[in-house]
Amino acid sequence: VEAAFAYVRDRVRYEPYPGILRGSWGTFLPHPVPAADRSLLLGTLLGGKGVPVRYAAGTLDETASSRLFDRTFDAPTHAV
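Residues numbered from 1 in each chain as written. Predicted model: local features only at pLDDT ≥ 70, side-chain atom pairs only at ≥ 80, totals over all residues. Heavy atoms only, no water.

Draft legend 1. Quick look at the environment of L68. If you trace the backbone, L68 turns up in helix α4 (residues 62–71). Residue class for L68 comes out partly exposed when judged on its relative accessible area of 42%. In this structure, the C-alpha to C-alpha distance between L68 and P16, residues 52 residues apart in sequence, is 9.8 Å. (Helix = DSSP H or I, 4+ residues; strand = E, 2+ residues; numbered from the N terminus. Buried < 20%, exposed > 50% of the residue type's maximum accessible area, 1.4 Å probe, protein only.)

Next up, the structure:
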């Protein structure tokens, strides 16, 4: 589980884009993807390991949204 999470966190670049753009398997392509696609990929990897997965979506208030956007282009905190 930790290896799957680390892979998605460290090797799949994030792009601030609403909705699903490439799907779980398209996320393996070397392009930045939105959060929904990263979630689908992580769910696919975890599901393959027998971990039950379910998805939920929500919205952020303006303060949380701004805080998240400010961190969008930060360098990864772990080695790639």
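So that's the structure; there's more coming.
Draft legend 2. Quick look at the side chain of R38. Tracing the backbone through its elements, the reader meets R38 in helix α3 (residues 35–48). No salt bridge is formed by the buried R38, whose closest oppositely charged neighbour, D10, lies at an N-O distance of 6.9 Å. With residues up to four places along the chain from it excluded, the contact list for R38 reads V8, R9, V12, Y14 and V33. (Lys, Arg positive; Asp, Glu negative; His and termini not counted. Salt bridge = Lys/Arg side-chain N within 4 Å of Asp/Glu carboxyl O. Contact = heavy atoms within 4.5 Å.)

Draft legend 3. Representation of the nonpolar core in the model. Membership of the largest hydrophobic core is limited to seven residues, which are A4, V8, V12, V33, L41, L42 and L46. For this core, the secondary-structure elements that each account for two or more residues are α1 (2–11) and α3. Counting residues per element, this core draws most heavily on α3, which supplies three residues. In this view, V8 contacts R38, L41, L42 and L45; residues no more than four positions away in its chain are not counted. (Core = buried A, V, L, I, M, F, W, Y, C linked by side-chain atoms within 4.5 Å.)

Draft legend 4. Spotlight on the confidence of the model for the protein chain. Summing up the model confidence of the protein chain, the mean pLDDT is 82 and the portion of residues at 70 or higher is 84%. Averaged over each element, pLDDT in the protein chain is lowest for helix α2 (residues 23–26) (69) and highest for α3 (91). (pLDDT = per-residue confidence, 0-100.)

Draft legend 5. Seen up close, the pattern of salt bridges. Under the definition given, this model contains one salt bridge. In this structure, the salt-bridge partner of D10 is R9, at a minimum N-O distance of 2.7 Å.

Draft legend 6. Expanded view of the packing of α1 against α3. In contact at an axis separation of 9 Å, α1 and α3 are set at 160° when each is read in the N-to-C sense. The angle between the axes of α1 and α3 places the two elements in the roughly antiparallel class. Viewed along their axes, α1 and α3 form a crossing whose handedness is right-handed. From α1, A4, F5, Y7, V8 and R9 reach across to α3, where they touch R38, L41, L42, L45 and L46. Here the contact of α1 with α3 is built from residues that sort into eight nonpolar, no polar and two charged. (Axes fitted to C-alpha atoms, helices over the stretch in contact; angles between N-to-C directions. Parallel < 35°, antiparallel > 145°, perpendicular 65-115°, else oblique. Left-handed = near helix turned anticlockwise from the far one by under 90°. Nonpolar A, V, L, I, M, F, W, Y, C, P; charged D, E, K, R; others polar.)

Draft legend 7. Inspection of the side chain of D10 at higher detail. Along the chain, D10 turns up in helix α1. The class of D10 is buried, set by a relative accessible area of 14%.

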